[in-house]
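# Commentary on secondary and tertiary structure
Listed here are the chains, written in short residue letters.
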Amino acid sequence: MDNSPLQIRALDKFRGKTQVLHGIDLDIAPGERLALLGHNGAGKSTLIKAVLGLIRHEGGSIRICGAAPGSAAARAATAFLPEAVSFHPALTGHEQLTLFARLAGERADIDGLLERVGLGEAMHRRIGAYSKGMRQRLGLAQVLLGRPKLALLDEPTSGLDPISRQDLYAIINELAEQGAAVLIASHALTEVEARTDRIAILRKGIKVADDTLAGLTSQAGLPVKLRVQASGAHADRIATETGGRRINGASVEILCSPQDKMAELRRIAALGDAVADIDMVPPRLEDLYRHYSGEDRK
Amino acid sequence: MRRAFAIARAEMLILRRNRWLFMATLIMLAFALALSFAGSAPTGTLGVDMLTVSVASMTTLSVYLAPLLALMMGFDAVAGDRDRGSLALLLAYPAGRGEILLGKLMAHLAALAVAMCIGFGAAGAVAAWFGGAGAESLMALGRLVLTSILLGAVFLVLGYALSALSSGATAAAGLSAGVWLVFVVLYDLGLLGAVVMDSGGVFTQKVFPWVMVANPADAFRLWNVAASESVALSSGMAGAASALPGWAAPLSLLLWPVLGFLLACAAFRRVEP
Ligand SMILES: Nc1ncnc2c1ncn2[C@@H]1O[C@H](COP(=O)(O)OP(=O)(O)OP(=O)(O)O)[C@@H](O)[C@H]1O
Ligand SMILES: [Mg+2]
């Protein structure tokens, strides 16, 4: 498996005496979009910097398309968007992107790229006069230089407005379609839930989960929420018969494990006319995140 | 090398954009012209042309100004990018850290060269126009410009090293001021004190000239002085210059930028953005 875009084995990283990454194993396949989640200080940015070869790691190994982090081959294959990206304020967006293209040795269509990320009008203005979101877009434009085999995006949507976020995910999809492995470190759970293929969660430098959303859901065994709306004054009866909890005048909420879901539904159906409507809420990524990151254990 | 040029072009744009190039040239021009005019009085007594006197006083000026301008550009080179947070991204690109520093050095040196050539050149032209110039004094002027750029290179690379070693741009600025003070002022004061204490003993005879030439600022002075007798005459440094072989000062001034650059690269390699 030499040509896997990213292969991390048993990665250990210390900051001073504290260990900030503990034996991380992580792989991303070509064309795969991986969401990397974790609380503030969990080690997401540290992991990305180690992959880039910007910081040394104490144990384990990292391979980018078979090359060592920081080597010329690895750098050429990798695109990076830092968290809270910034540039020299005296340069214009066009000049900055031209510099990056020259450093990467790419003959890129600079104007086209800047148009693409919505900086067409502002490309000849100084970056010092850009808004935060505009700087973020410029950062995104440099990710698109060349054809990266691995894209590392650290909180790419921070500072972007809702439309720009959609544009961003369109661009991420395009990168993935071209065969790039994309790693997205993020706190925006609802966003990554629908738009990534796999989810890894870090807690205090330990990888506590790494699977598809469906896989995580079934492993966690979190209860499904059934919200039953009573017709007329039957809410109390429904609550007592199903063991659910009344949440307002006409609704009852029932929690049941995924295996018992069908049995529970049949019981509710047997109540006949007393039930006006029923909603089924499977656990969301937020619930899963709480579960895996240990936040729900009091 | 292509990447170093890319960095150099961007740095040059920045120097022009933030008016640094303009200000540096203006400062050089103002000081050089002022000194040329102020120093025009005693020409007759020494029996040399006015350009020679002007070069002698501009040599003294350059000892102070070239390191100062160089350090002002150099201290921000690494620390500024790191403070802004743009260093991590730059280092993720396939340019080696040596290449990045080399690119910055090319741009900064070019800016210094422009400031020196315009400043000293204009002052030299004025002096030659009013007081005459010979082939020797023109040579001295050319030497002054070239050695000033070399002296600037020394303090540029020292600035890079400080920039990479310090925790931030502010700390780097403070350290740079300290380095300037040590090399340009305190070093000579210390030597002077030692010579006075020694009162003409072994130290003054054998060691002192070598310790002196080890300092790039003094090597710069010695080179300009030793190469031109008339400049030496008018600046009163003939004593130390004659005790050293002719290659000592040029060697020192050529070696310092190379060693300083290697030091800066070593320091930069240890930076974790
Ligand atoms: N330059 C540094 N020096 C020392 N410790 C650091 C440094 N950068 C990060 N750390 C420590 O490493 C740990 C992981 O930090 P990291 O920046 O990777 O977190 P993160 O998951 O990216 O958090 P966030 O969501 O806030 O961006 C933290 O405990 C942090 O204190
Ligand atoms: Mg982070």
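These numbers come from a predicted model, not from an experiment.

### A closer look at the overall build of chain A
Of regular secondary structure, chain A possesses eleven helices and 13 strands. In terms of overall dimensions, chain A has a C-alpha envelope of 70 × 45 × 35 Å along the principal axes. With 298 residues in all, chain A has 48% of them scored as buried. The contacts of chain A with a sequence gap of at least 6 include a subset with a gap of at least 24, amounting to 69%.

### Topic: the site of ligand 1
Residues and elements named next belong to chain A. The environment of ligand 1 is made up of 13 residues, and the closest members are G41, K44, S45, T46 and H187. One of the backbone N or O atoms of A42 is found 3.2 Å from an oxygen atom in ligand 1. The side chain of E155 places a nitrogen or oxygen atom 3.3 Å from an oxygen atom of ligand 1. Protein contacts shield 59% of the accessible area of ligand 1, which totals 630 Å² for the unbound molecule. In terms of residue count, helix α1 (residues 44–52) provides more of the shell around ligand 1 than any other element does, three residues in total. Tallied by class, the residues present in the shell around ligand 1 amount to two nonpolar, seven polar and four charged.

### A few points about the coordination of the magnesium ion (ligand 2)
Residue and element names in this part refer to chain A. Around the magnesium ion (ligand 2), the protein supplies S45 (OG) and E83 (OE) as donor atoms, at distances of 2.0 to 2.7 Å. Of this pair, S45 sits in helix α1 while E83 sits in the loop between β5 (78–81) and α3 (93–104), placing them 38 residues apart in sequence. For S45, a relative accessible area of 18% corresponds to the buried category. Classification of E83 as partly exposed rests on a relative accessible area of 36%.

### A few points about the packing of helix α4 (residues 50–74) of chain B against helix α7 (residues 97–131) of chain B
All names here are of chain B. Packing of α4 against α7 leaves a shortest axis separation of 11 Å and a crossing angle of 160°. Taken together, α4 and α7 sit at an angle that is classed as roughly antiparallel. When you trace α4 past α7, the crossing you get is right-handed. Counting all contacts with α4, which are made through M50, L51, S54, M58, L61, S62, A66, L69, A70 and M73, the residues of α7 involved are H108, A111, L112, M116, F120, A123, G124, A127, F130 and G131. Of the residues that constitute the contact of α4 with α7, the class distribution is 15 nonpolar, five polar and no charged.

### Concerning the confidence of the model for chain B
Mean pLDDT over chain B: 86, with 90% of residues reaching 70 or higher. For this predicted complex, the interface confidence reaches an ipTM of 0.87, while the overall pTM sits at 0.88.

### Some details on the interface of chain B and chain A
Between chain B and chain A, the residue contacts involve 26 residues of the former and 28 residues of the latter. When chain B packs against chain A, close to 2,600 Å² is buried across both sides, 60% of that on carbon and sulfur atoms. It is R17, L89 and Y93 of chain B in chain B that bury the most area against chain A; as a group they hold 27% of the surface buried on that side. R56 of chain A is the salt-bridge partner of E272 of chain B, the closest N and O atoms lying 3.8 Å from each other.

### A short note on the sheet that holds strand β10 (residues 224–230) of chain A
Remark on secondary structure: sheet strands pair via backbone hydrogen bonds, oriented parallel or antiparallel. Residues and elements named next belong to chain A. Taken in spatial order, the four strands make up an open sheet running β11-β12-β10-β13, and their pairing is antiparallel. Each edge of the sheet is formed by a strand with only one pairing partner; in this case those strands are β11 (245–248) and β13 (275–281). Here the average twist between neighbouring strands, direction ignored, is 30°. As defined by bridge partners, β10 adjoins strand β12 (residues 251–256) across six bridges and the pair is classed as antiparallel. The partner of V224 across the bridge, within β12, is C256. Packed on one face of the sheet, helix α9 (residues 235–242) meets β10, β11, β12 and β13 and runs near 15° to β12.

### Here's the deal with the UniProt feature "domain: ABC transporter" (unreviewed entry) in chain A
UniProt tags residues 6–229 of chain A as "domain: ABC transporter" (unreviewed entry). Secondary structure across residues 6–229 of chain A comprises 34% helix and 29% strand; the distance between its end C-alpha atoms is 49 Å.

### A look at the domain arrangement of chain A
In terms of domains, chain A is made up of domain 1 (6–218) and domain 2 (223–282). Of note, the centres of domain 1 of chain A and domain 2 of chain A, computed from C-alpha atoms alone, are 44 Å apart.

The rules behind each value
Residues numbered from 1 in each chain as written. Chains lettered and ligands numbered in written order. Predicted model: local features only at pLDDT ≥ 70, side-chain atom pairs only at ≥ 80, totals over all residues. Heavy atoms only, no water. Helix = DSSP H or I, 4+ residues; strand = E, 2+ residues; numbered from the N terminus. Buried < 20%, exposed > 50% of the residue type's maximum accessible area, 1.4 Å probe, protein only. Contact = heavy atoms within 4.5 Å. Near = heavy atom within 4 Å. Polar contact = N/O pair within 3.5 Å; in protein donor to acceptor, adjacent residues only side chain to side chain. Areas by Shrake-Rupley, 256 points an atom, 1.4 Å probe, with all protein chains shown as cover. Nonpolar A, V, L, I, M, F, W, Y, C, P; charged D, E, K, R; others polar. Donors = N, O, S within 2.8 Å, 3.2 Å for Na, K, Ca; no water. Axes fitted to C-alpha atoms, helices over the stretch in contact; angles between N-to-C directions. Parallel < 35°, antiparallel > 145°, perpendicular 65-115°, else oblique. Left-handed = near helix turned anticlockwise from the far one by under 90°. pLDDT = per-residue confidence, 0-100. Buried area = accessible area lost by both parts, 1.4 Å probe. Salt bridge = Lys/Arg side-chain N within 4 Å of Asp/Glu carboxyl O. Pairing = 2+ DSSP bridges. UniProt positions renumbered as here; feature names shortened; annotations may be inferred. Domains from an automatic or database assignment.

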